[in-house]
Amino acid sequence: MGELAAAIDHLAIEDVAEIPRMQLAEQLLELHWQMARLQAQIARRTGVRLP
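Below or above, wherever it landed, is the structure these notes cover. Nothing here was measured: the structure is a model prediction, and the numbers come from that model. (Residues numbered from 1 in each chain as written. Predicted model: local features only at pLDDT ≥ 70, side-chain atom pairs only at ≥ 80, totals over all residues. Heavy atoms only, no water.)

### Observations concerning the overall build of the protein
In terms of regular secondary structure, the protein is built from two helices and zero strands. Rg of the C-alpha trace for the protein: 14 Å, well past the compact-globule value of 10 Å for 51 residues, more than 25% over. Seen along its three principal axes, the alpha-carbon backbone of the protein occupies a region of about 40 × 20 × 10 Å. Counting all 51 residues of the protein, 16% fall into the buried class. (Helix = DSSP H or I, 4+ residues; strand = E, 2+ residues; numbered from the N terminus. Rg over C-alpha atoms; globule rule 2.2 N^0.38 Å. Buried < 20%, exposed > 50% of the residue type's maximum accessible area, 1.4 Å probe, protein only.)

### Side note on the nonpolar core
Core analysis: the biggest nonpolar cluster contains five residues, these being Leu4, Ala7, Leu11, Leu31 and Leu38. Elements with a contribution of two residues or more to this core: helix H1 (2-13) and helix H2 (21-46). With three residues, the top contributor of residues to this core is H1. Once you skip the residues sitting within four places of it in the chain, Leu31 turns out to touch Leu4, Ala7, Ile8 and Leu11. (Core = buried A, V, L, I, M, F, W, Y, C linked by side-chain atoms within 4.5 Å. Contact = heavy atoms within 4.5 Å.)

And the structure:
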């Protein structure tokens, strides 16, 4: 969870106009996968299952 918070904080302070579009896309994709992994961990730990 610390990695996700760090990634969000890092994106929040950057001026997206200064980031090359490919790098921004890579960062957003990595953030998406980190969020998906976190959701899966929460689901496993709380017993929540998708129908």
